[in-house]
Number of protein chains: 2
Amino acid sequence: MNLVCLDLEGVLVPEIWIAFSQATGIGELRRTTRDEPDYDKLMQFRLEILKKNNLKLPDIQKVISGMQPLSGALEFANSLREKTQLVILSDTFEQFAKPLMQKLLLPTLFCNSLKIAEDQSVTGYTLRHQNGKKEAVRAFKSMNLRVFAAGDSFNDLAMIREADGGCLFRAPEQIQKDCADLICVDTFEKLMEVIDKFLK
Amino acid sequence: MNLVCLDLEGVLVPEIWIAFSQATGIGELRRTTRDEPDYDKLMQFRLEILKKNNLKLPDIQKVISGMQPLSGALEFANSLREKTQLVILSDTFEQFAKPLMQKLLLPTLFCNSLKIAEDQSVTGYTLRHQNGKKEAVRAFKSMNLRVFAAGDSFNDLAMIREADGGCLFRAPEQIQKDCADLICVDTFEKLMEVIDKFLK
């Protein structure tokens with residue numbers, strides 16, 4: 001039995017922190033793992049900015065609820081779920097993902113969680129697992145599932161390499177250069193072609 | 001992060017082999033793991049009957065395509081997927097499940113596969129895993145997911161006991177007696193109450 005694991009942000013939906021940065025005008029929130037490879041440092045930096053600006057979970061959720069899946073993503077995800085199984089592996093947080101997952105008709109999502117205080121301020125976060133995406137693929141393989149994985153970022157590479165098959169999707173040039181052995185596709189049509197080939 | 005694992009047949013949809021037995025009038029196909037605990041023996045027996053009656057995959061799929069989820073199952077599954085993650089763990093076969101999964105709006109399903117010959121006759125089957133449900137729960141736990149499991153049958157007990165929480169759903173009296181330590185609920189409303197308690 002086959003399973004496709006997809007990254008969420010940059011693949012099916014826009015980058016959430018960047019959308020929030022645009023909505024609030026706080027440019028520092030555009031910083032991503034590309035600028036700060038230490039994820040914990042990056043998150044502490046983000047939490048500091050939220051605190052400084054008195055921004056709480058509902059403020060972020062309000063922006064997210066106005067976001068839409070990327071063009072073609074819903075049709076792609078549906079068509080994929082008609083032919084095989086899909087689990088989305090993301091480093092985002094449950095509290096962020098929900099409105100977007102509803103717009104994608106509720107595919108299964110494994111991700112991280114935010115710690116929220118009673119006054120709805122964001123006080124911290126819980127990683128599901130160090131290297132959660134790779135370990136998820138490893139666990140799926142231990143269930144004798146044949147796994148295909150795709151994503152756009154550095155944090156997707158271990159998952160793609162752990163899977164039985166995979167590719168990059170709309171990855172930045174640098175990642176494409178560093179991982180010249182991996183196919184990179186830029187449209188859902190081409191991604192489906194690569195997956196179809198894997199499923200055969 | 002939480003995950004709910006549910007059995008399929010008897011929980012969300014009717015028993016497929018029993019429906020096929022009714023549709024074809026072949027009483028022997030009513031035999032289940034309750035009558036024949038050796039699953040391989042049972043499946044070989046079923047495959048023999050299919051062969052003897054010249055019944056092929058499309059004949060079974062035609063019956064399945066006329067089946068509906070159990071009353072209230074779609075609403076229950078949707079409501080569950082709005083609040084947490086769901087993976088269906090079933091001993092059924094991909095080739096059987098598809099039309100029913102579409103009617104349940106495509107939740108993620110891990111199950112087994114049939115071997116189909118070119119003329120569409122059923123020649124065998126592939127178990128994803130010996131003890132696939134239990135091993136799946138164990139693998140999900142290795143991803144640091146907190147797992148709740150529910151099912152109605154003997155083959156669900158190991159999954160329920162491996163999970164962090166769980167219950168029986170519409171289980172036969174004998175199973176309820178044998179597993180007096182497990183709660184057994186009979187309505188989706190009560191099942192949701194038990195799950196809500198687990199999620200808190």
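Check the entry above for the structure.
In this report, the structure presented in the accompanying data block is examined. Here the residue index of a chain counts from 1 through its sequence in written order. All chains are assigned letters beginning with A, and all ligands numbers beginning with 1, in the order in which they are written. Whole-chain, interface and lining totals are the exception, using all residues; otherwise, since this is a predicted model, local features are given only for residues with pLDDT of at least 70 and side-chain atom pairs are given and counted only at 80 or more. To obtain the side-chain values, all non-hydrogen atoms of the structure were included, while hydrogens and water were left out.

1. Topic: the relation of the copies chain B and chain A
This is how it is decided: Only residues with pLDDT of at least 70 in both copies count here: their C-alpha atoms drive the least-squares fit that superposes the copies. The contact criterion used throughout is that any non-hydrogen atoms of two residues lie within 4.5 Å.
Laying chain B over chain A is done by rotating through 180° and shifting 0.0 Å along the axis; what remains is an RMSD of 0.0 Å. The superposition of one copy onto the other is thereby described by a two-fold rotation axis. Closest approach to the rotation axis among the C-alpha atoms of chain B is made by B:A139, whose C-alpha sits 2.6 Å away. Most of the interface of chain B is mirrored in chain A, where 100% of its interface residues are also at the interface.

2. Some words on the interface of chain B and chain A
Where we set the bar: Put simply, buried area is how much 1.4 Å-probe accessible surface two parts lose in total, over both of them, once they are put together. Between N or O atoms, a polar contact is any pair within 3.5 Å; within protein, one atom must be a potential hydrogen donor and the other a potential acceptor, and residues adjacent in sequence are included only when both atoms are from side chains. Secondary structure elements are taken from DSSP: a helix is a run of H or I of four residues or more, a strand is a run of E of two residues or more, and numbering for both begins at the N terminus. When residues are sorted by character, Ala, Val, Leu, Ile, Met, Phe, Trp, Tyr, Cys and Pro go into the nonpolar class, Asp, Glu, Lys and Arg into the charged class, and all the rest, Gly among them, into the polar class.
With 28 residues of chain B at the contact, the number on the chain A side is 28 residues. For the chain B and chain A pair, buried surface summed over both sides reaches about 2400 Å², with 56% attributable to carbon and sulfur atoms. At the junction of chain B with chain A, the criterion picks out 19 residue pairs in polar contact (both at pLDDT 80 or more). Listed by contribution, the elements that provide at least two residues to the side of chain B that touches chain A are α4 (73–83), β2 (85–93), α5 (94–103), β3 (108–116) and α6 (132–142) of chain B. Looking at which element gives the most residues to the side of chain B that touches chain A, the answer is β3(B), with 5 residues. Residue composition of the side of chain B that touches chain A, by class: 15 nonpolar, 8 polar and 5 charged.

3. Observations concerning the side chain of A:T92
Residues and elements named next belong to chain A. Selection rule: The classification of residues rests on relative accessible area computed with a 1.4 Å probe and restricted to protein chains. Under 20% of the type maximum is buried, over 50% is exposed, and intermediate values are partly exposed.
Secondary-structure assignment places T92 in strand β2 (residues 85–93). The class of T92 is buried, set by a relative accessible area of 3%. Here the side chain of T92 touches E9 through a polar contact of 3.5 Å, side chain to side chain. When sequence neighbours within four positions are dropped, the list of residues in contact with T92 reads L8, E9, I16, A97, C111 and N112.

4. So, the sheet that holds strand β5 (residues 146–151) of chain B
Residues and elements named next belong to chain B. So the rule is basically this: For two strands to be treated as a pair, DSSP must find at least two bridges joining them. Here an angle of 0 to 180 degrees is reported between the N-to-C directions of two axes, which are lines fitted to C-alpha atoms, with helices fitted over the stretch in contact.
What the 7 strands build is an open sheet, ordered β4-β3-β2-β1-β5-β6-β7; its pairing is mixed. The sheet is open, and its two borders are formed by β4 (122–126) and β7 (184–185), each paired with just one other strand. Pairing of β5 with strand β6 (residues 165–169), which is carried by 4 bridges, proceeds in the parallel orientation. Its bridge partner being in β6, A149 is matched across the sheet by G166. Strand contacts of α6: β1 (2–6), β2, β3 and β5, with the helix running at about 155° to β2, the strand carrying the most contacts.

5. Focus on the environment of A:C184
Residues and elements named next belong to chain A. With respect to the helices and strands, C184 occurs in strand β7 (residues 184–185). Put simply, C184 and R170 are 14 residues apart on the chain and 6.8 Å apart in space, counted from C-alpha to C-alpha. Ignoring any residue separated from it by four or fewer positions in sequence, one finds C184 in contact with L168, F169, R170, A171 and Q176.

6. Let's talk about the packing of α6(B) against helix α7 (residues 154–162) of chain B
All names here are of chain B. Selection criterion: For classification purposes, angles smaller than 35 degrees are called roughly parallel, those larger than 145 roughly antiparallel, those between 65 and 115 roughly perpendicular, and all remaining angles oblique. Helix crossings are classified by the rotation of the near helix relative to the far one: an anticlockwise turn of less than a right angle makes the crossing left-handed, while a clockwise turn makes it right-handed.
In the contact formed by α6 and α7, the axes pass within 7 Å of each other and the chain directions differ by 15°. Taken together, α6 and α7 sit at an angle that is classed as roughly parallel. Relative to α7, α6 is oriented so that their crossing is right-handed. Contacts between α6 and α7 involve K133, K134, V137, R138 and K141 from the former and N155, D156, A158, M159 and E162 from the latter.

7. Considerations on the layout of surface pockets
Heads up, the rule is: Two kinds of site are reported from a 1 Å grid over the protein atoms alone, namely cavities, where a 1.4 Å probe fits but cannot get out, and pockets, open sets with protein on both sides within 12 Å along at least five of seven lines, and residues are called lining when an atom falls within 4 Å of a point. Grid points are joined across faces, edges and corners, and a volume is the space filled by probe spheres set on the points.
Taken as a whole, the largest pocket spans an internal volume of roughly 750 Å³. Looking at the lining of the largest pocket, its residues break down into 13 nonpolar, 11 polar and 13 charged.

8. As for the packing of aromatic side chains
Here is the rule: Aromatic pairing here means that ring centres of Phe, Tyr or Trp (its six-membered ring) are within 6.5 Å. Orientation follows from the plane angle: under 30 degrees is stacked, over 60 is edge-to-face, and everything else is tilted. The criterion is that NZ of a Lys, or CZ of an Arg, lies within 6 Å of the ring centre and within 35 degrees of the ring normal, and then a charge sits over that ring.
Applying the stated criterion across every chain yields a total of 19 aromatic pairs over all chains. Centroid distance B:W17 to B:F96: 5.5 Å. Interplanar angle 70°. Geometry classified as edge-to-face. Remark: B:F96 occurs in helix α5 and B:W17 occurs in helix α1 (residues 16–24); sequence separation between them is 79 residues. We classify B:F96 as buried; its relative accessible area is 1%. For the cation-ring pair, A:R31 lies above A:F45, with the distance from its terminal atom to the ring centre recorded as 4.3 Å.

9. Digging into helix α2 (residues 39–52) of chain B
All names here are of chain B. The following threshold applies: Multiply 1.5 Å by the residue count of a helix minus one, and that product is the helix's expected span. To be clear, the arc concerns the directions from the helix axis to the C-beta atoms.
Relative to the 20 Å expected for 14 residues at 1.5 Å per residue, α2 spans 20 Å between its end C-alpha atoms, a close match to the ideal helical length. If you check which residues of α2 are buried, you get Y39, L42, M43, R46, L47, I49 and L50. Down the axis of α2, the buried side of the element spans an arc of 160°, and every buried residue falls inside it. Exposed side chains of α2 directed beyond 90 degrees from the buried face belong to K41, E48, K51 and K52. Contact partners of the buried residues in α2: α1, α3 (57–65), β2, β3 and β4. One or two residues past the end of α2 sits N54, with phi positive at roughly 55°.

10. Here's the deal with the sheet that holds β7(A)
All names here are of chain A. Strand order in the open sheet made by the 7 strands is β4-β3-β2-β1-β5-β6-β7, with mixed pairing throughout. Looking at which strands have only one partner, the edges of the open sheet turn out to be β4 (122–126) and β7. Direction of pairing for β2 relative to strand β3 (residues 108–116): parallel, over a ladder of 4 bridges. Bridged to V87 within β3 is T108.

11. What to know about the side chain of B:Q85
Topologically, B:Q85 is positioned in strand β2. Note on B:Q85: relative accessible area 12%, which makes it buried. A polar contact of 2.6 Å, which involves the side chain of B:Q85, links it to the backbone nitrogen of A:L109. Other than its neighbours up to four places away in sequence, B:Q85 contacts A:P107, A:T108, A:L109, B:M1, B:N2, B:L3 and B:V4.

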